[in-house]
Amino acid sequence: MKKNMRIVARKNIDESYNVSYCENYTEELISDLKRNYWGNKYAIITDSQVKKLYADELVKKLKKAGIKVDVISFPKGEKNKTFQSAEKLILQLSKLNFQRKDCIIGIGGGVVGDIAGFVASIYMRGIPFIQIPTTLLAMIDSSVGGKTGVDTEIGKNLIGTFHRPKKVYINPEFLKSLTKKQLENGFSELIKYGIIAKPKILNLLEKYKEQILSFEPKIIQDLIMTAVDIKASIVMQDEFEDGLRKTLNYGHTIGHAIEKVSDFTVQHGEAVGLGIRIINSIALNKKWFKEKDANRITALLDSYGLPNKLPKNINIEKIIDAMKSDKKAEGEIIIYVVPKKIGKVILTNKISKPDIRKACKKHM
Ligand SMILES: NC(=O)c1ccc[n+]([C@@H]2O[C@H](COP(=O)([O-])OP(=O)(O)OC[C@H]3O[C@@H](n4cnc5c(N)ncnc54)[C@H](O)[C@@H]3O)[C@@H](O)[C@H]2O)c1
Ligand SMILES: [Zn+2]
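Student: Would you mind going over the site of ligand 1 with me for this structure?
Tutor: What surrounds ligand 1 is a group of 26 residues, the closest being Asp47, Glu78, Thr134, Thr135 and Ser177. Within the contact set of ligand 1, a nitrogen atom lies 3.1 Å away from a side-chain nitrogen or oxygen of Gln49. Asp114 places a polar side-chain atom, nitrogen or oxygen, 2.9 Å from a nitrogen atom of ligand 1. Notes on ligand 1: free accessible area 870 Å², of which the protein chains cover 89%. Those elements that provide at least two residues to the shell around ligand 1 are α2 (48–64), α4 (110–122), α5 (136–142), β7 (155–159) and α6 (180–196). The greatest single-element share of the shell around ligand 1, amounting to four residues, is contributed by α2.

Written out as structure tokens, the structure is:
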């Protein structure tokens, strides 16, 4: 009788996908759904706000085109990116009799993308999934790269999967209904991309602010697709975050801590902007980064309305403590992404608590 057996389980599958910038996304989606067999039927997952704004309309159009579709939603907001919401969505999918051969379409911001992708990855051990990002942040960041997840008591985004979408549809028209604050979330990530990888983004942001804020089509397309290109190129080289993908965390190590200590009154984009300012001033102090480059970034953050001061009475020691529990910290050692010059960052653990204290005080 055999005592030991080897189960061979090598994976060799192509899960490449397209990110398509389309002014008329419903036409392209309908034509794709008719041509590609991504599902027998489709479940649109969205939040309460995007449902009213766009998803109900999308359902009508898909039904009119003869596509079998249902819509399920959860209340908007980061606080609902939870297991409980995922479970409710799963129960609704089951009631609607969704099977392995069916497909989920996530339409919304990063919260919807993360939760819809997570549900798609675990429902019946994984079903296909399509992303339709509707915030600037979701278009340039969260919809590309295959990370899904929910927030739990142990931390933000600590529970999740990698589940690649079949396709990502970017429709710039959605940007027009975003509030200034929601747009700012995207701007700090765009500035981040400019520093870690492609100064071209900074040039666009500097030169065409007016056109960007009035959604001029050509400039918006250039901005978004340059950003998607950067994110795609990073995740293609390092999907599982062994090295290069960590650079996306620029401004985020301190930023996440600020978000948490402020009890999320400082929103993500604002916190990342502050995280960028603080890490830059540390790099500047240590003479790793040139004053001219640091000033350029400060001017850009100011120009796009990102705050330059931490909230009054925020406790700096709590910010330092919160960094240790960030999922990106490796044990007690915190790895920081630090700028060397515009377009180049390095990873280092050579930043001390007094360095952070001093830089935070400068931003009080
Ligand atoms: N998976 C990843 O790689 C990745 C990367 C970055 C961020 N994220 C996640 O993304 C989330 C943040 O995403 P977000 O900033 O898009 O937040 P969000 O999804 O909560 O959207 C913000 C708000 O805008 C509303 N909204 C969405 N589109 C709209 C539109 N076109 N017009 C008007 N209102 C609209 C939403 O209903 C919501 O109330 C976080 O949970 C973060 O963890 C994931
Ligand atoms: Zn971010």
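Student: Please clarify how the domain arrangement of the protein should be interpreted in this entry.
Tutor: A common way to report how large an interface is uses the accessible area buried once the components associate. Parsing the protein into structural domains produces domain 1 (18–177) and domain 2 (180–362). Summing both sides of the interface, domain 1 and domain 2 together bury roughly 2200 Å²; the carbon and sulfur share of this comes to 68%. Looking only at domain 1, the three residues that lose the most surface to domain 2 are Tyr21, Leu136 and Ile140, adding up to 29% of its buried area. Counting across the interface, domain 1 meets domain 2 through three salt bridges. Of all the secondary structure elements, the ones that give two or more residues to the side of domain 1 that touches domain 2 are β1 (18–21), α5 and β7. Broken down by element, the residue count for the side of domain 1 that touches domain 2 peaks at six residues, all from α5. The class makeup of the residues in the side of domain 1 that touches domain 2 is 12 nonpolar, three polar and six charged.

Student: How should unusual backbone geometry be read in this particular structure?
Tutor: What you tend to see is this: most non-glycine residues have negative phi, and most peptide bonds are trans. Even without being a glycine, Lys287 presents a positive backbone phi close to 65°. Following the sequence through the fold, Lys287 ends up in the loop between α11 (268–285) and α12 (291–303). The phi dihedral of Asn313 falls on the positive side, at around 70°, and the residue is not glycine. Tracing the backbone shows Asn313 in the loop between α12 and α13 (316–324).

Student: Looking at this structure, how should I read α4?
Tutor: Side chains three or four residues apart in an α-helix point the same way, a direct result of the helix having 3.6 residues per turn. With 13 residues, α4 extends 18 Å between its outermost C-alpha atoms, agreeing within 8% with the 18 Å of an ideal straight helix rising 1.5 Å per residue. The element α4 is extensively covered by neighbouring structure, given that 12 of its 13 residues are classed as buried. Listed as buried for α4 are Gly110, Val111, Val112, Gly113, Asp114, Ile115, Ala116, Gly117, Phe118, Val119, Ala120 and Ser121. Looking at the residues trailing α4, positive phi occurs at Met124, about 55°.

Student: Looking at this model, I keep getting lost on the coordination of the zinc ion (ligand 2). Mind explaining?
Tutor: Geometry reference: four tetrahedral donors at a metal, ideal angle 109.5 degrees. Six octahedral donors, ideal angles 90 or 180 degrees. Distances from the zinc ion (ligand 2) to its protein donors, namely Glu189 (OE), His252 (NE2) and His268 (NE2), fall within the range 1.9 to 2.1 Å. Each donor residue of the zinc ion (ligand 2) lies on the same chain, and together they follow the pattern E-x62-H-x15-H. On the criterion of sequence distance, the pair formed by Glu189 in helix α6 and His252 in helix α10 (residues 252–261) is long-range, its members being 63 residues apart.

Student: It is not clear to me how the packing of α11 against α12 should be interpreted in this structure. Could you clarify?
Tutor: The packing of two helices is summarised by the inter-axis angle and the distance between the axes. Contact geometry for α11 and α12: axes closest at 10 Å, N-to-C directions at 165°. With respect to each other, α11 and α12 are oriented roughly antiparallel. When the axes of α11 and α12 are compared, the crossing they make is left-handed. Between α11, through Gly273, Ile276, Arg277, Asn280 and Leu284, and α12, the contact on the second element is made entirely by Glu291, Ala294, Ile297, Thr298, Leu301 and Asp302. Across the contact of α11 with α12, the residue classes break down as five nonpolar, three polar and three charged.

Student: So what exactly am I meant to see when it comes to the packing of α6 against α11 here?
Tutor: Here α6 crosses α11 at 35°, and the two axes come no closer than 7 Å. The crossing of α6 and α11 is left-handed. Mapping the contact onto sequence places Lys181, Glu184, Asn185, Ser188, Glu189, Lys192 and Ile195 in α6 and His268, Gly269, Glu270, Val272, Gly273 and Ile276 in α11. A breakdown of the residues in the contact of α6 with α11 according to their chemical character gives three nonpolar, five polar and five charged.

Student: Explain the pairing of strand β2 (residues 42–47) here, please?
Tutor: It is a general feature of regular strands that their side chains alternate between the two faces of the sheet. Judged by how many residues are buried, β2 sits mostly within the fold: six of six residues are covered. Residues Tyr42, Ile44 and Thr46 of β2 are buried on one face, and the alternating residues Ala43, Ile45 and Asp47, pointing to the opposite face, are buried as well. One ladder, built from six bridges, connects β2 with strand β3 (residues 69–74); its direction is parallel. Counterpart to Asp47 in the pairing with β3 is Phe74. As defined by bridge partners, β2 adjoins strand β4 (residues 103–108) across four bridges and the pair is classed as parallel. Paired with Ala43 across the bridge in β4 is Ile104.

Student: What's the story with the layout of surface pockets in this structure? I'm lost.
Tutor: Estimates place the volume of the second largest pocket at around 410 Å³. Every residue lining the second largest pocket is counted, 18 residues in all, and those nearest its centre are Ile13, Glu15, His163, Arg164 and Lys166. Residue composition of the lining of the second largest pocket, grouped by class: seven nonpolar, four polar and seven charged.

Cut-offs used in this document
- Residues numbered from 1 in each chain as written.
- Chains lettered and ligands numbered in written order.
- Predicted model: local features only at pLDDT ≥ 70, side-chain atom pairs only at ≥ 80, totals over all residues.
- Heavy atoms only, no water.
- Near = heavy atom within 4 Å.
- Polar contact = N/O pair within 3.5 Å; in protein donor to acceptor, adjacent residues only side chain to side chain.
- Areas by Shrake-Rupley, 256 points an atom, 1.4 Å probe, with all protein chains shown as cover.
- Helix = DSSP H or I, 4+ residues; strand = E, 2+ residues; numbered from the N terminus.
- Domains from an automatic or database assignment.
- Buried area = accessible area lost by both parts, 1.4 Å probe.
- Salt bridge = Lys/Arg side-chain N within 4 Å of Asp/Glu carboxyl O.
- Nonpolar A, V, L, I, M, F, W, Y, C, P; charged D, E, K, R; others polar.
- Expected span 1.5 Å × (residues − 1).
- Buried < 20%, exposed > 50% of the residue type's maximum accessible area, 1.4 Å probe, protein only.
- Donors = N, O, S within 2.8 Å, 3.2 Å for Na, K, Ca; no water.
- Axes fitted to C-alpha atoms, helices over the stretch in contact; angles between N-to-C directions.
- Parallel < 35°, antiparallel > 145°, perpendicular 65-115°, else oblique.
- Left-handed = near helix turned anticlockwise from the far one by under 90°.
- Contact = heavy atoms within 4.5 Å.
- Pairing = 2+ DSSP bridges.
- 1 Å grid on protein atoms, 1.4 Å probe; cavity = no way out; pocket = protein on both sides within 12 Å on 5 of 7 lines; lining within 4 Å.
- Points joined across faces, edges and corners; volume = space filled by probe spheres on them.

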